[in-house]
Structures are given as C-alpha cells and as structure tokens.
Amino acid sequence: MVKKENTLTIKTFHIEKVKFDERTYIEDRTLYLSSDLESIEFNREYIKEYKINVINPYNHDIFINSILDFSPIATKVLGNIGEGITHVLTGVVIMLTAVDENGIQVAEFGSSEGILKEQVYFGRAGTPSERDSIVNIDIVLKQGKGIDRLAVMECHRTCDKIVQSIRKPLKELNGRKCDERYDYTNQVTDYSKKVVIVKQVAGQGAMYDTGLFPNEPGGFIGCKSIIDMGNMPVVLTPNEYRDGALRAMH
C-alpha cells in the first residue's frame, strides 16, 4: 500500500537583471530594489551600518568581505515549510558578508574575504552560478563583534528583514506564469525499504551554526539554532528539506 502525505509545489521565476529603483518589485524578468532597503531597522548594539550592492554576472574580479552565507530568495505562498506552494527566484542569489568597523573580518576558524572569484567555487551546490546576479548585503559590525555569536546572528536577522521586502512582491506573482514547476509528494510504502539519509551539520559557534524551520524557505527569522537544541538529531521529511527547512549559517 502507498500512503501519500503532504505535497509540495515549487514554482520558479527567472531573473535576468537586478536594478535599483524607487520601490521593490519584479517585472519583465527584472528584480528592482528600492533604496529604502538600506534604511531597514537593525540592532545597533551589534551593527554599525550595512550596504546593498548588486554584483552582475561574470563580474567577479572584485573584493568582498568575509562571506557568512549564500541563500536563495524564496517565499511561502500557501501552507507551511514542506507543503503547499513556494515561489523561488532563479538567476539571483543573496550573499551576506560582514566585517567590523576596524576592518577585522568576521571569522571563527578562518575568514573568506578577498577577490570573489578566488573565494567562491561557482556552480556547485550552495554556491551561485557564474551567470547569476548576486545581491550582496554587506554588514559592518561594531568593534570586536566579529567573533560574537549574537552579533553574527543579528547579521542573518538583518539580512532576512531585507529579503522579506523582496519576498512580498514574489508572493504576488501569478503562479501560472512561472518558468518551471516542480511537484513533490511524500510517499510511505509498506513494501519498500525504509531509507534514512543522515546529514551532518555545523553546530560549533559564531560562524558555524545551522538554523531549522524558519518562517520562510531558506530564511533566518523564526528558525531554531541546532546549538541551542543541544546538537541533537532532528528528523526532517524530504519535502521539508527541499523547501528550505534547514539554513546553514556559515
């Protein structure tokens, strides 16, 4: 007997250009970012300021600060993580970088600042394609906060607030006009082998943490740190994993 559980539908919308404009919206395969995104409130106990830069495809011969994360722009349109409908932008990714106000790179076991093309292996799982546009959210922390776990988490929180402003117009896109659609159904059978995939994740400190079950796919706000959970095993369904229930924060 085959028992079908919740179904997840992922719809993708391809972005060819990223530009700045008076408001944030998506039109004709172009993502427009409002200048107001640089005035979103943040925790001033840890963060001094931040900037948003757009890095165009193949323009990777530039200096970047230490990389905290690459993440997709995705949002729930219907249901919770692991079910319902999710919209995702392709052709564009978020890159979160950080440094403190004295120029000390954010790091724990080693920083990743330098020329972008020398610091990133493009086209691999978890990294952008060379053809992708990169929205770089570059955060300047207060002096000495680059090794403070709470400060690094505030970097992720601020980044997620900025991305949430992009998720709003993404939610409103007509799903019938998506570029690609993927339907996944969790299935349990009585006669097949029971398979469990074990994934080892980071749970060590400021730059090596993993969040689970954020409010939005691949997001930060609402997630639970694997460190705060005592680094105990957590069971995810295949669709929860596909839908961004796990965020590697390093």
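In case you missed it, the structure is sitting above this.
Throughout what follows, the structure given in this document is the object of discussion. What you see is a predicted model; the values in this text were computed from it and never measured.

## A closer look at the sheet that holds strand S2 (residues 17–21)
- One open sheet holds the three strands; their spatial order is S2-S4-S3, and the pairing between them is mixed. Either end of the sheet is taken by a strand with one partner, and the two such strands are S2 and strand S3 (25–27). Averaged over all neighbouring strand pairs, the angle between strand axes comes to 25°, with direction disregarded.

## Brief notes about the side chain of Asp132
- Mapped onto the secondary structure, Asp132 falls in the loop between helix H1 (116–119) and strand S12 (133–141).
- Of the buried charged residues, Asp132 lacks a salt bridge, with Arg131 as the closest side chain of opposite charge at 6.1 Å.
- Within the structure, the side chain of Asp132 is placed 2.9 Å from the backbone nitrogen of Ser129, a separation counted as a polar contact.
- Residue contacts for Asp132: discarding those within four places in its chain leaves Ile55, Asn56, Pro57, Gly91, Val92 and Val93.

## Describing the sheet that holds strand S10 (residues 92–100)
- Strand order across the open sheet formed by four strands is S5-S12-S10-S7, with mixed pairing between neighbours. Edge positions in the sheet fall to strand S5 (47–55) and strand S7 (66–71), since each has one partner strand and no second. Recorded for the sheet is a direction-independent mean angle of 20° between the axes of neighbouring strands.
- In the sheet, S10 pairs with S12 via nine bridges, with the strands oriented parallel. Within S12, the position partnered with Ile94 by the bridge is Val135.
- Sheet contacts for helix H2 (residues 149–171): S5, S7, S10 and S12; angle to S12, the most-contacted strand, approximately 140°.

Quick notes on the rules
Residues numbered from 1 in each chain as written. Predicted model: local features only at pLDDT ≥ 70, side-chain atom pairs only at ≥ 80, totals over all residues. Heavy atoms only, no water. Pairing = 2+ DSSP bridges. Helix = DSSP H or I, 4+ residues; strand = E, 2+ residues; numbered from the N terminus. Axes fitted to C-alpha atoms, helices over the stretch in contact; angles between N-to-C directions. Buried < 20%, exposed > 50% of the residue type's maximum accessible area, 1.4 Å probe, protein only. Lys, Arg positive; Asp, Glu negative; His and termini not counted. Salt bridge = Lys/Arg side-chain N within 4 Å of Asp/Glu carboxyl O. Polar contact = N/O pair within 3.5 Å; in protein donor to acceptor, adjacent residues only side chain to side chain. Contact = heavy atoms within 4.5 Å.

Nothing here speaks to function; it is geometry throughout.
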